[in-house]
Amino acid sequence: MAFTFSPSIRNSISWPTMLVPDMPDINISLRNKGIYKGKRNINLRDLTKANVASPSLPLIAPPTPEERPGITHDCHHHHHVAWTSIPQERWEGELQVQGQIPLWLEGTYLRNGPGMWHIGDYNFRHLFDGYATLVRLGFRNGRLVAGHRQIESEAYRAAKKNKKICYREFSEVPKAANFLAYVGELASLFSGASLTDNANTGVVKLGDGRVVCLTETQKGSIVIDPETLETVGKFEYSDSLGGLIHSAHPIVTDEEFLTLLPDLVRAGYLVVRMEPGTNERRVIGRVNCRGGPAPGWVHSFPVTQHYVVVPEMPLRYCAQNLLKAEPTPLYKFEWHPESRAFMHVMCKTSGKIVASVEVPLFVTFHFINAYEEQDEDGRVTAIIADCCEHNSDTTILDRLRLQNLRSFNGEDVLPDARVGRFRIPLDGSPYGTLDAALEPNEHGRGMDMCSINPNYLGKKYRYAYACGAQRPCNFPNTLTKLDFELKKAKNWHEEGAVPSEPFFVARPGATEEDDG
Ligand SMILES: CC1=C(/C=C/C(C)=C/C=C/C(C)=C/C=C/C=C(C)/C=C/C=O)C(C)(C)CCC1
Ligand SMILES: [Fe+2]
């Protein structure tokens, strides 16, 4: 049975490493099909996406004693190959395995994230600007065949053709003449036509089997072929809900696709649902923002079995910044601590808001999971929602500029983060709480790129997997297993490795949450 590990892959930005968690002893090599010939040995632990993508890179040659794979050294700096563009648009080959991939691990694992950070000799500024690279790992009979391919978004094609950026990316803004010439008159600014469709934040498999790559613009929903990784075409929403943006990480199961559509005109969010086999989103309900002047950034959001949780973070969208010609300190966003922070809870079936509470200020991009807390009689008393929380500090966005990622000099510059646990009472109290779910030193005070056993989505759960930190560092450099019951973390780290978002695959027949 072909098994696709892709239903809710958020992987996104990924530290661009293809690293299979819990397989510390596997070595693989690249046996190339197609354009590249030859066979290479690489240790999977040290394998960066650039390595996967480019068997021609010198870094996959056996390391010299002075040189760990994945990093190059000059006198004072380490330059990690992980933060450089893939050198070709597509590649496919078998990876040689040393050690053993469990035989039950069978199927295709798709990931998507930025992989190309330059056009001609112009280098992009930010990790999130990169043009999307889709990566496929096929596991079968203990063997591993990999491939990658650029997503042919309009933005990517236009950039290649014109040798310059033609659409507004995360931090990059094309020079006025570029995009006005490319997309037409000034009205395109306001219609969103100048915004990118560079689908670089994730890939989801819909209940009907279609595989869609996403970004934060609705127009950046792109259907791909999971076998060939070819771009099939735009995913066109057939409803008339309008708006320009949506959450980068919808909740996707075999039954539904749930997402949030921020309303930048009348500050709020539409909570919408799409059934498999359709392209039509239907409104479940609407949340009006309680703090102004615009909705908070909803890169992701969590759900429980019966509720959708809508976060209202004081890091808010800024329509002016979306249209500005010059880069701004917080890109398309602004930090408004005076507007306060809120969490709203909507019933999935009725669309009614059952709680709307003020919470401490927070900064999060990735929610981990949420569940309903019950009393002894089985009544739901509160919603618990967990996220990777950056201590209500937006500095992490700046740290993820490529220049910062590429220039580690031994200084500990990764801002602290924690597992933020919200408790949202359902008894009508006006306030919710936000605390660390475990002592952040357990995971080196680094925390992002989280995942869970997908069978526990929306349910009470004990374990999460993420990237933490072994300091000093400039990006989250450990693979971490979090145990919320024991309040402990188990960390794996190896110098020179760039772990990416772990993905949990349950072992067939498993009864324990962490058996996989
Ligand atoms: C927001 C708009 C856009 C694009 C947004 C994009 C591409 C956002 C990507 C955000 C990601 C990948 C966030 C990941 C965060 C990871 C963190 C904080 C890791 C921390 C580690 O310590 C446009 C599409 C450009 C235009 C509309 C607005
Ligand atoms: Fe993300």
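Nothing here was measured: the structure is a model prediction, and the numbers come from that model.

Colleague: Quick rundown of helix α2 (residues 154–162)? Include the residues and the values.
Modeller: Taken together, the buried positions of α2 are occupied by Ala155, Tyr156, Ala158 and Ala159. Relative to the axis of α2, the buried residues are bounded by an arc of 165° and lie together on one face. Taken from the residues just after α2, Lys163 is the one with a positive phi, measuring 55°.

Colleague: Any details on the sheet that holds strand β29 (residues 463–468)? Residues and values, ideally.
Modeller: The antiparallel open sheet is built from four strands, whose spatial order is β28-β29-β30-β31. Because the sheet does not close on itself, it has two edges, and the strands there are β28 (448–451) and β31 (488–492). Put simply, the sheet's adjacent strands are angled 25° from each other on average, direction ignored. Note that strand β30 (residues 478–483) and β31 share five bridges and pair antiparallel. Looking at the pairing, Asp483 lines up with Lys488 of β31.

Colleague: Please provide a residue-by-residue account of the packing of aromatic side chains, values included.
Modeller: A full pass over the atoms with the stated rule returns 17 aromatic pairs. When the centroid spacing of 6.2 Å and the interplanar angle of 50° are considered together, the rings of Tyr122 and Phe124 count as tilted. Of the residues examined, Phe124 reaches a relative accessible area of 4% and is grouped as buried. On the basis of an interplanar angle of 70° and a centroid distance of 5.4 Å, the ring pair of Phe124 and Tyr131 is categorised as edge-to-face. The two residues Phe124 and Tyr131 agree in class, both being buried. The rings of Phe128, Phe170, Trp297, Tyr317, Tyr331, Phe333 and Phe365 are connected pair by pair, giving a single aromatic cluster. Geometry around Tyr237 places Arg281 over its ring, the cationic atom sitting 4.1 Å from the centre. Cation over ring: Lys481 sits above Tyr463, and NZ or CZ is 4.8 Å from the ring centre.

Conventions adopted
- Residues numbered from 1 in each chain as written.
- Chains lettered and ligands numbered in written order.
- Predicted model: local features only at pLDDT ≥ 70, side-chain atom pairs only at ≥ 80, totals over all residues.
- Heavy atoms only, no water.
- Buried < 20%, exposed > 50% of the residue type's maximum accessible area, 1.4 Å probe, protein only.
- Helix = DSSP H or I, 4+ residues; strand = E, 2+ residues; numbered from the N terminus.
- Arc of directions from axis to C-beta.
- Pairing = 2+ DSSP bridges.
- Axes fitted to C-alpha atoms, helices over the stretch in contact; angles between N-to-C directions.
- Phe/Tyr/Trp six-rings, centres within 6.5 Å; stacked < 30°, edge-to-face > 60°.
- Lys NZ or Arg CZ within 6 Å of the ring centre and 35° of its normal.

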